[in-house]
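Residue-level listing of the chains:
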Amino acid sequence: MSRTFSIGGVHPHDCKISKDSPIEIFPVPEQVSISMSQHLGAPAQPVVAKGDRVKAGQLIGRAGGFISANIHSSVSGTVVSVGELPDMLGNPAVHVVIDTDGDEWMEDIDRTPDVVRDISLSPQDIIKRIADCGIVGLGGASFPTHVKLSPPPGKKAEFLIINGAECEPYLTSDYRIMLERPEEILIGAKIMMKALGVAKGFIGIEDNKPEAIRRIGELARASYSEIEVVPLRKRYPQGGEKQLIDAVTGRKVPSMGLPIDTGVVVQNCGTAFAVYEAVQKNKPLFESIVTVTGDCTGQQRNFLLRVGTRFDKMLEEVGGMPSEAVKLISGGPMMGKAVSNISAASVKSTSALLVLSEKQTARREEGNCIRCGKCAQACPMGLEPFLLNRLARLGWKDELEKNKVYDCIECGCCSYTCPAFIPLLDYIRLAKADVLRIMRARPKK
């Protein structure tokens, strides 16, 4: 029987129209723009200069702190600039721009197709290899993986959960990698379990992906018995860390708490594959699987592409921007971000490029709140979005804090279900940022 989380959630149509498209290797771009700010935490510091020649997999940005990540070149070629460029939101970020002259990789990367099953490194060496290779979470937040695998003093992991829910509509990159590279995902999970010192792991997969459940489940039962595949009910946001922990273990992450507070570490299935490649193949994270999709696109594709590939080049590969397209989203329609700069480039955690028409994106006229409570019923964190929206508009920061606005996971369930078409999340997200800024500025007790 499929499991699910205990409160809230919505059921948008999954729109997995690219699910039957196998992963294709995207042509190596003629030029890449690689951001030094493509992970949570401090930006990486460039270690190359204009005129330097680099190889694919070579370090070009060193982690700028403990919560940061190394950045590697995704192509071989010549550095043509190091400086600020607008990212997909139009914000300035330091980029290393490289003109490609071939496809020469670092010599110590194992490029053979052989599956390496023996995990020979120690836990400490595993974490160091993951840090050296710049692995970050590929489920959206881009949190440096080596940090997540190093619980703070006093915290102990009991379980590892691999997130294969992929509950966002349209996205299919996780689904395809689970179908096409299931054993590497399981080995990646075992590597992280060894690093954490845990004996039990789970892979949670929504039940709208029966073939992935079957393939990984059969392989796990045959050769990786310490890892259990858990079918999950199709329900958004099933892939949220807190909701996934609730569904799989029944444990609840406390308010303002972290997954490790429940003894659980959660990693995305794409991250597990990246960990496998880093530890077993010595391959840094400079490629990602990206779904290019949308109801108004003529082609639905899943690409393995180099980090730093421009969005407009991706669209060219599927026939260009459709005439009826009015919005481009990096990620899914619920939590993805609208792209304001089509010349911006992909980052490690880019999971999809979603093309939407005016019919799909037009906002309905906002009405008055009718106090129906649907937003509160849908909130997976047990909050009252109608109240938070009201407090946000009034600017009452103290009351917002008392009502735990900081616990909002910004999933968009409230806006999705509102019959008055109030953009609840827009107001709540801004208020949450203000409240968190105030809380962090307070003197430590």
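Residues numbered from 1 in each chain as written. Predicted model: local features only at pLDDT ≥ 70, side-chain atom pairs only at ≥ 80, totals over all residues. Heavy atoms only, no water.

### A few points about the overall build of the chain
Part 1: Per the secondary structure count, the chain includes 14 helices and 17 strands.
Part 2: Taken over the C-alpha trace, the chain has a radius of gyration of 21 Å; the compact-globule value for 445 residues is 22 Å, and the two agree within 12%.
Part 3: Dimensions along the principal axes, computed over C-alpha positions, put the chain at roughly 65 × 50 × 50 Å.
Part 4: Per-residue burial for the chain yields a buried fraction of 53% across its 445 residues.
Part 5: Relative to all contacts within the chain whose residues are 6 or more apart in sequence, the contacts with residues 24 or more apart total 74%.
Part 6: Accessible surface, the chain: about 19500 Å² in total, of which carbon and sulfur atoms supply 52%.
Part 7: Charge-centre separation for the chain: the mean point of 55 positive side chains lies 6 Å from the mean point of 52 negative side chains. (Helix = DSSP H or I, 4+ residues; strand = E, 2+ residues; numbered from the N terminus. Rg over C-alpha atoms; globule rule 2.2 N^0.38 Å. Buried < 20%, exposed > 50% of the residue type's maximum accessible area, 1.4 Å probe, protein only. Contact = heavy atoms within 4.5 Å. Areas by Shrake-Rupley, 256 points an atom, 1.4 Å probe, with all protein chains shown as cover. Lys, Arg positive; Asp, Glu negative; His and termini not counted. Charge placed at Lys NZ, Arg CZ, Asp CG, Glu CD.)

### Focus: the sheet that holds strand β4 (residues 53-54)
Sheet strands associate in pairs through backbone hydrogen bonding, adopting either a parallel or an antiparallel arrangement.
Part 1: Strand order in the open sheet made by the four strands is β2-β8-β7-β4, with antiparallel pairing throughout. Each having just a single partner strand, β2 (31-35) and β4 make up the two edges of the open sheet.
Part 2: Where β2 and strand β8 (residues 92-102) come together, five bridges link them in antiparallel fashion. When the sheet's bridge partners are listed, Ser35 is paired in β8 with His95. (Pairing = 2+ DSSP bridges.)

### Topic: the pattern of salt bridges
Part 1: Summed over all chains, the structure comprises 35 salt bridges.
Part 2: Between Glu277 and Lys283 there is a salt bridge, with the nearest N and O atoms lying 3.4 Å from each other. There is no split in this pair, since Glu277 and Lys283 are both buried.
Part 3: In this structure, Asp312 and Arg310 form a salt bridge, with 2.5 Å as the shortest nitrogen-oxygen distance.
Part 4: The class of Arg310 is partly exposed, set by a relative accessible area of 26%.
Part 5: Among the charged side chains, a network of salt bridges with common partners joins Arg53, Lys55, Asp101, Glu104 and Glu107. (Salt bridge = Lys/Arg side-chain N within 4 Å of Asp/Glu carboxyl O.)

### Observations regarding the side chain of Asp246
Part 1: Structurally, the position occupied by Asp246 is in helix α6 (residues 241-249).
Part 2: Among the polar contacts listed, one links the side chain of Asp246 to the side chain of Lys252, at a separation of 3.3 Å.
Part 3: In contact with Asp246, not counting residues within four places along its chain, are Phe5, Ser6, Arg251 and Lys252. (Polar contact = N/O pair within 3.5 Å; in protein donor to acceptor, adjacent residues only side chain to side chain.)

### Some points on the pairing of strand β7 (residues 76-86)
Part 1: In this structure, β4 lies alongside β7, joined through two bridges in antiparallel fashion. Residue pairing for β7: Arg53 is matched across the bridge by Thr78.
Part 2: By the bridge criterion, 10 bridges tie β7 to β8 in an arrangement that is antiparallel. In the sheet register, Val82 faces β8, and the bridge partner there is Val96.
Part 3: Between β7 and the antiparallel strand that follows it, β8, lie five residues; Gly90 among them carries a positive phi value of about 90 degrees.

### As for the nonpolar core
Part 1: Ranked by internal contacts, the top residues of the largest apolar core, which has 49 residues, are Leu160, Ile162 and Ile185.
Part 2: Sorting the residues of this core by element identifies α1 (123-132), β9 (159-164), α3 (173-180), α4 (182-196), β10 (200-206), α5 (210-223), β11 (227-232) and α7 (269-281) as the ones contributing at least two each.
Part 3: Per-element tally for this core: the top contributor is α4, with nine residues.
Part 4: Setting aside residues no more than four positions away along its own chain, Leu160 makes contact with Ala189, Met192, Met193, Leu196, Val198, Lys200, Gly201, Phe202, Val265 and Gln267.
Part 5: Within the second largest apolar cluster, 19 residues are counted, among which are Met381, Ala392, Cys408 and Ala431. (Core = buried A, V, L, I, M, F, W, Y, C linked by side-chain atoms within 4.5 Å.)

### Some points on the sheet that holds β9
Part 1: Here four strands make up an open sheet; going across it, the order is β11-β10-β9-β12 and the pairing parallel. Only two strands of the sheet have a single partner each, and these edge strands are β11 and β12 (264-268). Neighbouring strand axes in the sheet, compared pairwise and without regard to direction, differ in orientation by 25 degrees on average.
Part 2: Here six bridges tie β9 to β10, and the two strands are oriented parallel to one another. Across the sheet, residue Phe159 finds its bridge partner in β10, namely Lys200.
Part 3: Together, β9, β10, β11 and β12 form the strand contacts of α4, whose direction differs from that of β9 by roughly 150 degrees.
Part 4: Sitting on the sheet, α6 touches β9, β10, β11 and β12, and the angle it makes with β9 is about 115 degrees. (Axes fitted to C-alpha atoms, helices over the stretch in contact; angles between N-to-C directions.)

### Side note on the environment of Gly134
Part 1: Along the chain, Gly134 falls in the loop between α1 and α2 (145-148).
Part 2: Sequence separation of Gly134 and Ala69 is 65 residues, and the distance between their C-alpha atoms is 5.0 Å.

### Let's talk about the packing of α3 against α7
Part 1: α7 packs onto α3 with a crossing angle of 50 degrees between their chain directions and a minimal axis gap of 9 Å. By the angle class used here, α3 and α7 are oblique. As for the relative orientation of α3 and α7, their crossing is left-handed in sense. In this structure, α3 uses Asp174, Ile177 and Met178 to contact α7, whose residues at the interface are Cys269, Gly270 and Phe273.
Part 2: Residues that form the contact of α3 with α7 fall into these classes: four nonpolar, one polar and one charged. (Parallel < 35°, antiparallel > 145°, perpendicular 65-115°, else oblique. Left-handed = near helix turned anticlockwise from the far one by under 90°. Nonpolar A, V, L, I, M, F, W, Y, C, P; charged D, E, K, R; others polar.)

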